Protein chains: 2
Amino acid sequence: MVSSLEKIFRARSVAVVGASEKKGSIGRAIMENLLSSFKGSIYPVNIKYDKVFNLKCYKSVKDIPGQVDLAVIAVPAEAVLSVIKDCGEKEVKGAIVISAGFRESGKEGAELEEKLVSLAREHEVKIIGPNCLGVYSAHSGLDTIFNPSDRQAKPEPGPIAFVSQSGALGAALLDWIAATNIGMSHFISYGNAADVDETELIEFLAEDPETKVIACYIEGVRRGREFLKAIKKASAKKPVVVLKAGKTTRGAAAVASHTGSMAGSYKVYEGALKQHGAIVVEDLKSLLNASKALALQPPAKGPRVGIVTNGGGAGVLMADELESKGLEIPSLSPSTVAELEKVLPSSASTANPVDILGDAPAERYRDAVNLVLKDPNVDVVVVITLMQSPALNPKTLKDYLKRIVSETDKPIVMVAPGGSYTEKHSSEIEVEAGIPIYKTPEDAAVAVKALVDYGAIQQQISSSKQE
Amino acid sequence: MVSSLEKIFRARSVAVVGASEKKGSIGRAIMENLLSSFKGSIYPVNIKYDKVFNLKCYKSVKDIPGQVDLAVIAVPAEAVLSVIKDCGEKEVKGAIVISAGFRESGKEGAELEEKLVSLAREHEVKIIGPNCLGVYSAHSGLDTIFNPSDRQAKPEPGPIAFVSQSGALGAALLDWIAATNIGMSHFISYGNAADVDETELIEFLAEDPETKVIACYIEGVRRGREFLKAIKKASAKKPVVVLKAGKTTRGAAAVASHTGSMAGSYKVYEGALKQHGAIVVEDLKSLLNASKALALQPPAKGPRVGIVTNGGGAGVLMADELESKGLEIPSLSPSTVAELEKVLPSSASTANPVDILGDAPAERYRDAVNLVLKDPNVDVVVVITLMQSPALNPKTLKDYLKRIVSETDKPIVMVAPGGSYTEKHSSEIEVEAGIPIYKTPEDAAVAVKALVDYGAIQQQISSSKQE
């Protein structure tokens with residue numbers, strides 16, 4: 001089944017309605033973004049201009065000579081309806097409505113939104129928005145995010161898709177994912193979800209070959225049952241990580257005034273989401289932390305975590321964070337302990353967390369990580385490095401880790417707390433060895449939990465198939 | 001009372017025992033650090049050399065002609081005792097023992113440590129360590145942190161003191177505080193706490209005029225009652241933020257093998273710490289987040305938080321995080337709402353969180369923040385900025401905030417999620433307006449909670465004085 005959203009996310013021709021060269025205008029920002037990255041045809045539409053950025057500018061979508069797959073609409077709310085009508089007549093199958101002034105702005109806006117939806121459905125135009133930041137599809141270069149490029153980073157093409165009911169939080173996550181170098185497939189700010197909602201988007205991303213992990217920020221859900229069904233179906237193919245906002249009384253009230261959604265009971269949501277295979281995270285940074293781990297590492301086959309560290313205190317905090325999340329820090333098998341005793345100095349700790357001491361060189365990491373990975377009591381390994389230590393050569397460590405990661409099917413997560421030196425080497429290890437690295441034990445614990453959760457979800461699915 | 005620790009932290013002359021030019025050696029790193037920052041006299045001591053970095057090198061501490069306040073000792077464990085004896089005979093009043101191989105390494109080490117302590121007390125030499133990263137006193141330039149300067153950042157002089165039972169976590173926090181530009185007074189990694197322990201350090205820092213906030217990472221405490229008394233006394237003068245590790249079963253076990261301390265029951269610790277005026281945080285990043293807020297802003301007089309945001313979703317998450325921490329998001333007073341309605345567009349939300357919309361310029365922030373600050377229902381204000389928005393000029397915002405912060409006695413905390421553009425402008429606002437800025441609502445919530453907690457602690461103290 002080809003999703004009707006294909007026309008939007010794989011559009012080869014885009015009309016920009018409200019295109020402009022006016023500085024600071026949204027119409028200009030969208031034009032600039034598309035011109036710099038989009039691989040298909042771009043048609044500016046604006047009754048005021050003959051040319052925009054040297055491209056012929058049309059008075060109406062209907063005047064465009066060739067086929068148009070998608071219209072990006074950034075005109076005042078009251079003008080949107082007639083543009084949709086034009087789109088319908090021109091057989092444009094998709095529209096991204098950036099314009100605000102609909103349901104989120106009160107009663108009149110809500111009425112306008114109802115009219116918009118019925119008009120769009122009548123004309124068979126799929127709408128994303130209104131009141132949204134738009135779409136960024138990294139692989140095709142479709143970029144309607146109107147934040148200026150000097151303020152807003154855009155990730156390279158990669159495996160993470162992000163569906164966000166909030167444009168602004170989406171912007172923040174775009175920046176953060178860009179900084180990780182992991183890359184993303186699609187970013188979709190869907191605003192008021194007047195037509196296309198979270199359910200339809202997840203259905204699309206579940207089938208999208210470029211997407212390996214689906215991350216979602218949701219405030220409320222339009223069609224609860226269908227949404228859960230979509231999550232269940234998607235999570236059988238790839239991890240779905242969900243941050244549900246509006247957990248508390250005041251948070252839920254703020255949801256109502258933000259996107260006009262009903263936040264509902266968080267406990268009910270959380271239970272239902274987990275039951276249908278979603279990985280539920282508690283806050284914004286965890287959405288990124290979990291998605292990064294799931295994009296880079298295989299799921300864990302169980303909850304037992306081995307820890308290798310050159311800082312005793314960091315090992316303690318890591319154990320605390322993992323155990324608080326319901327994960328296990330098992331005793332290592334006697335043979336692993338015996339082997340560790342052979343390769344580690346006598347004052348090292350061969351219990352789990354394995355403390356290889358502050359003077360550990362990369363070789364000691366190699367030996368200890370290999371042994372702990374092979375331990376049958378261990379499902380996932382956390383490697384903690386304080387790179388400030390003069391004894392540790394992070395480049396040598398990186399080379400060892402590249403080899404280690406290629407020889408194991410157990411997931412590895414790293415922690416490297418520190419400043420610019422640490423960040424530089426962390427980034428190299430993350431990109432070259434494909435091991436997700438976090439700055440704090442608490443962030444890494446979120447990542448480990450996500451890998452363990454997804455492992456459990458996969459096992460549940462495969463055992464229910466066997467029944 | 002002049003603390004006997006004065007001689008260590010305000011030393012004017014330092015002997016480096018184990019001084020060396022050997023590349024990669026700890027003795028070299030300490031020499032380099034002191035030479036580059038210490039304002040007093042430096043005496044290398046090493047039986048092997050005549051000169052170290054062009055300074056005369058002595059065979060023993062006893063051979064140094066002038067007065068020596070402090071010895072930094074980085075020789076093998078078995079040689080430390082005779083150095084302490086020399087220090088005693090030379091009347092050196094303080095020693096920082098970097099050397100490992102004591103209690104943390106097993107039974108023999110524990111015996112050696114006992115001997116070390118009785119010898120030091122007999123000779124009236126105060127000891128920090130052994131098995132520690134040492135001390136960094138930014139104001140005097142005393143720097144014994146042996147991590148190389150290209151790997152390890154050192155903060156400028158400033159208000160935060162950090163006492164850490166873990167050297168490695170201390171190193172990470174040094175990096176992080178350096179990145180904030182807030183600065184620190186003293187960093188003390190006290191390792192095994194054989195002689196000087198957390199209690200004595202807190203007593204010293206409570207009286208230290210350069211320290212405005214005391215941050216501590218502790219695993220176990222030697223003298224529980226005295227420690228709590230010290231916390232209580234210190235917290236009457238300045239905030240004391242504590243991260244207690246070893247919360248969980250496996251964390252506590254890891255504590256035992258790390259510094260040989262007893263972690264004890266976390267619930268008991270947490271209760272006692274809070275009762276004595278400590279601000280207890282849950283994880284490593286929170287230790288920094290809370291300390292930063294307390295260093296920059298006054299405590300809050302109550303738990304009622306007003307929120308101003310240009311991103312609705314961020315406002316929702318902020319409300320969720322605050323309410324989860326037991327803080328309140330009050331309704332604004334009718335007169336504030338009426339005034340907000342005058343200055344904000346009609347589709348803005350004048351409820352709390354106040355959503356001033358994605359197209360908010362700096363002026364709209366100025367108007368809304370001023371009104372919310374003045375509301376009698378509000379004790380502290382959180383300002384959320386998505387700086388990716390093309391409508392917002394962060395430099396103009398900074399100028400307004402500088403003025404606003406100078407005219408209010410209520411604390412302000414900011415959130416600015418984003419990438420390098422956002423970080424650059426956030427840093428400017430933090431440094432110039434003195435408003436702590438965080439990347440996520442969850443981090444900012446920790447900061448707000450700390451300001452509210454310290455306000456409550458101050459009120460408790462002042463009401464108990466009046467009784």
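Parameters at a glance
Residues numbered from 1 in each chain as written. Chains lettered and ligands numbered in written order. Predicted model: local features only at pLDDT ≥ 70, side-chain atom pairs only at ≥ 80, totals over all residues. Helix = DSSP H or I, 4+ residues; strand = E, 2+ residues; numbered from the N terminus. Rg over C-alpha atoms; globule rule 2.2 N^0.38 Å. Buried ≥ 20, exposed ≤ 12 C-beta atoms within 10 Å, placed from the backbone. Contact = placed C-beta atoms within 7 Å. Pairing = 2+ DSSP bridges. Axes fitted to C-alpha atoms, helices over the stretch in contact; angles between N-to-C directions. Nonpolar A, V, L, I, M, F, W, Y, C, P; charged D, E, K, R; others polar. Core = buried A, V, L, I, M, F, W, Y, C linked by C-beta atoms within 7 Å. Right-handed = clockwise from strand over helix to strand, strands pointing away. Least-squares fit on C-alpha atoms with pLDDT ≥ 70 in both. Expected span 1.5 Å × (residues − 1). Arc of directions from axis to C-beta. Domains from an automatic or database assignment. Parallel < 35°, antiparallel > 145°, perpendicular 65-115°, else oblique. Left-handed = near helix turned anticlockwise from the far one by under 90°.

1. Re the overall build of chain A
Scanning chain A for helices and strands turns up 16 helices and 19 strands. Its C-alpha radius of gyration of 25 Å places chain A within 12% of the 23 Å reference for a compact globule of 467 residues. In terms of overall dimensions, chain A has C-alpha extents of about 80 × 50 × 40 Å along its principal axes. Counting all 467 residues of chain A, 62% fall into the buried class. Taking all contacts inside chain A whose residues are at least 6 apart in sequence as the whole, residues at least 24 apart take part in 74%.

2. Quick look at the sheet that holds strand β19 (residues 437-438) of chain A
All names here are of chain A. The sheet built from five strands is open, its strands ordered β16-β15-β17-β18-β19 with parallel pairing. Strand pairing shows two members of the sheet lacking a second neighbour, β16 (354-355) and β19, which therefore form its edges. In the sheet, strand β15 (residues 305-309) pairs with β16 via two bridges, with the strands oriented parallel. For Val308, the partnering residue across the bridge sits in β16 and is Val354. Its contacts with the sheet place helix α11 (residues 312-324) against β15, β16, β17 (380-384) and β18 (412-415), and it is angled at close to 160° to β15.

3. Considering the interface of chain B and chain A
Contacts between the two partners involve 73 residues from chain B and, on the opposite side, 73 residues from chain A. Broken down by secondary-structure element, the contributors of at least two residues to the side of chain B that touches chain A are α5 (167-180), α8 (249-259), α10 (284-296), α11 (312-324), α15 (420-433) and α16 (441-466) of chain B. Ranked by residue count, the leading element in the side of chain B that touches chain A is α11(B), at 11 residues. For the side of chain B that touches chain A, the class distribution of residues is 28 nonpolar, 31 polar and 14 charged.

4. Re the nonpolar core
In terms of nonpolar packing, the biggest core is built from 342 residues, with Ala71(A), Ile73(A), Val448(A), Ala71(B), Ile73(B) and Val448(B) touching the most fellow members. Those residues in contact with Ile73(A), other than ones at most four positions away along the chain, are Val17(A), Gly18(A), Val80(A), Val83(A), Ala95(A), Ile96(A), Val97(A), Ile98(A) and Ser99(A).

5. Considering the pairing of strand β13 (residues 240-244) of chain A
Regular strands show a simple pattern: their side chains alternate between the two faces of the sheet. Residue and element names in this part refer to chain A. Extensive coverage of β13 is indicated by the burial of five of its five residues. Burial of β13 is two-sided: the residues Val240, Val242 and Lys244 facing one way and the residues Val241 and Leu243 facing the other way are all buried. The sheet contact formed by strand β12 (residues 213-218) and β13 spans five bridges and is parallel. Considered in β13, the bridge of Tyr217 is made with Leu243. You can see the chain leave β12, run along helix α7 (residues 224-235) and come back into β13, and the turn it takes is right-handed.

6. Some details on the relation of the copies chain B and chain A
If you rotate chain B by 180° and push it 0.0 Å along the axis, it lands on chain A with an RMSD of 0.0 Å. The symmetry that links the two subunits is that of a two-fold axis. Comparing interface residues between copies, 100% of those in chain B also lie at the interface in chain A; the contact surface is shared.

7. Comments concerning the sheet that holds strand β9 (residues 142-143) of chain A
Residues and elements named next belong to chain A. On the basis of which strands lie adjacent, the open sheet formed by seven strands has the order β9-β8-β11-β10-β12-β13-β14 and mixed pairing. Edge positions in the sheet fall to β9 and β14 (279-281), since each of these pairs with one other strand and no more. The pairing of strand β8 (residues 134-137) with β9 spans two bridges and is antiparallel. Looking at the pairing, Tyr136 lines up with Asp143 of β9.

8. Examining helix α7 (residues 224-235) of chain B
For an α-helix the count is 3.6 residues per turn, leaving residues at separations of three or four pointing the same way. Residues and elements named next belong to chain B. With 12 residues, α7 should reach 16 Å at 1.5 Å per residue; the first-to-last C-alpha distance of 16 Å fits that figure. Every buried residue belonging to α7 is among Phe227, Ala230, Ile231, Ala234 and Ser235, and all of these are buried. Angularly, the buried residues of α7 cover 120° about the axis, an arc narrow enough to put them on a single face.

9. Here's the deal with the pairing of strand β6 (residues 94-97) of chain A
Residues and elements named next belong to chain A. Side chains of β6 alternate between two faces, with Gly94 and Ile96 and Ala95 and Val97 buried alike. With four bridges joining them, strand β5 (residues 70-73) and β6 adopt parallel strand pairing. Counterpart to Val72 in the pairing with β6 is Ile96. Handedness of the crossover joining β5 and β6 through helix α3 (residues 77-90): right-handed. The pairing of β6 with strand β7 (residues 126-128) spans three bridges and is parallel. Across the sheet, Gly94 pairs through a bridge with Lys126, a residue of β7. The handedness of the β6 to β7 crossover, carried by helix α4 (residues 107-122), is right-handed.

10. Examining the environment of Val125(A)
Residues and elements named next belong to chain A. Here Val125 shows up in the loop between α4 and β7. The spacing of Val125 and Ser140 is 15 residues in sequence and 21 Å in space, taken between C-alpha atoms. Ignoring anything within four residues of it in the chain, the contact list for Val125 reads Ile84, Cys87, Gly88, Val92, Lys93, Gly94, Ala95 and Ala120.

11. Here we look at the domain arrangement of chain A
All names here are of chain A. Taken domain by domain, chain A comprises domain 1 (1-130), domain 2 (153-296) and domain 3 (299-461). Computed from C-alpha coordinates alone, the two centres of domain 2 and domain 3 are separated by 28 Å. Opposite the 17 residues of domain 2 that make contact, domain 3 presents 17 residues. Residue assignment for the side of domain 2 that touches domain 3 shows that the elements contributing at least two residues are β14 and α10 (284-296). Per-element tally for the side of domain 2 that touches domain 3: the top contributor is α10, with eight residues.

12. A word on the packing of helix α14 (residues 394-406) of chain A against helix α15 (residues 420-433) of chain A
Residues and elements named next belong to chain A. Orientation of α14 relative to α15, taken along the N-to-C sense of each, is 25°, at an axis distance of 10 Å. One element, α14, and the other, α15, form an angle in the roughly parallel class. Note on packing geometry: the crossing formed by α14 with α15 is right-handed. Where α14 abuts α15, its residues Pro394, Lys398, Leu401, Lys402 and Val405 lie against His425, Glu428, Ile429, Glu432 and Ala433. Its residues placed into classes, the contact of α14 with α15 shows five nonpolar, one polar and four charged.

13. Details of the environment of Tyr49(A)
Residues and elements named next belong to chain A. For Tyr49, the location among the structural elements is in the loop between β2 (41-45) and β3 (51-52). Note on Tyr49: 19 C-beta atoms within 10 Å, which makes it partly exposed. On a C-alpha basis, the gap between Tyr49 and Ala351 in space is 72 Å, while along the polypeptide they are 302 residues apart.

14. A short note on the environment of Val452(B)
All names here are of chain B. The residue Val452 is located in helix α16 in this model. The buried category is assigned to Val452, around which 26 C-beta atoms lie within 10 Å. Taking the C-alpha atoms as reference, Val452 lies 15 Å from Pro330; in sequence the two are 122 residues apart. Setting aside chain neighbours within four positions, we find Val452 in contact with Ala300, Pro303, Leu327 and Val380.

15. Considerations on unusual backbone geometry
Residue Pro130(B) is bonded to the preceding Gly129(B) through a cis peptide linkage, with omega at -5°. Within the secondary structure, Pro130(B) is located in the loop between β7 (126-128) and β8 (134-137). The omega angle of the peptide bond from Asn352(B) to Pro353(B) is 0°, so this bond is cis rather than trans. With phi around 55°, Ala193(A) is a residue other than glycine that occupies positive phi space. With respect to the helices, strands and loops of the structure, Ala193(A) is situated in the loop between β11 (184-189) and α6 (198-207).

16. A look at helix α13 (residues 362-374) of chain A
Residue and element names in this part refer to chain A. Across its 13 residues, α13 extends 18 Å between first and last C-alpha, which sits within 8% of the 18 Å expected from 1.5 Å per residue. Restricting attention to buried positions, one finds in α13 the residues Arg364, Tyr365, Ala368, Val369, Leu371, Val372 and Leu373. The inward-facing, buried residues of α13 abut β15, α12 (334-343), β16, β17 and α14.

17. Side note on the packing of helix α6 (residues 198-207) of chain B against α7(B)
Residues and elements named next belong to chain B. At their nearest, the axes of α6 and α7 sit 9 Å apart, and the two run at 15° to each other. By the angle class used here, α6 and α7 are roughly parallel. Between α6 and α7 the crossing geometry is left-handed. Residues Glu198, Thr199, Ile202, Glu203, Leu205 and Ala206 of α6 lie in contact with α7, whose contacting residues are Glu226, Phe227, Ala230, Ile231, Lys233 and Ala234. For the contact of α6 with α7, a count of residues per class yields seven nonpolar, one polar and four charged.

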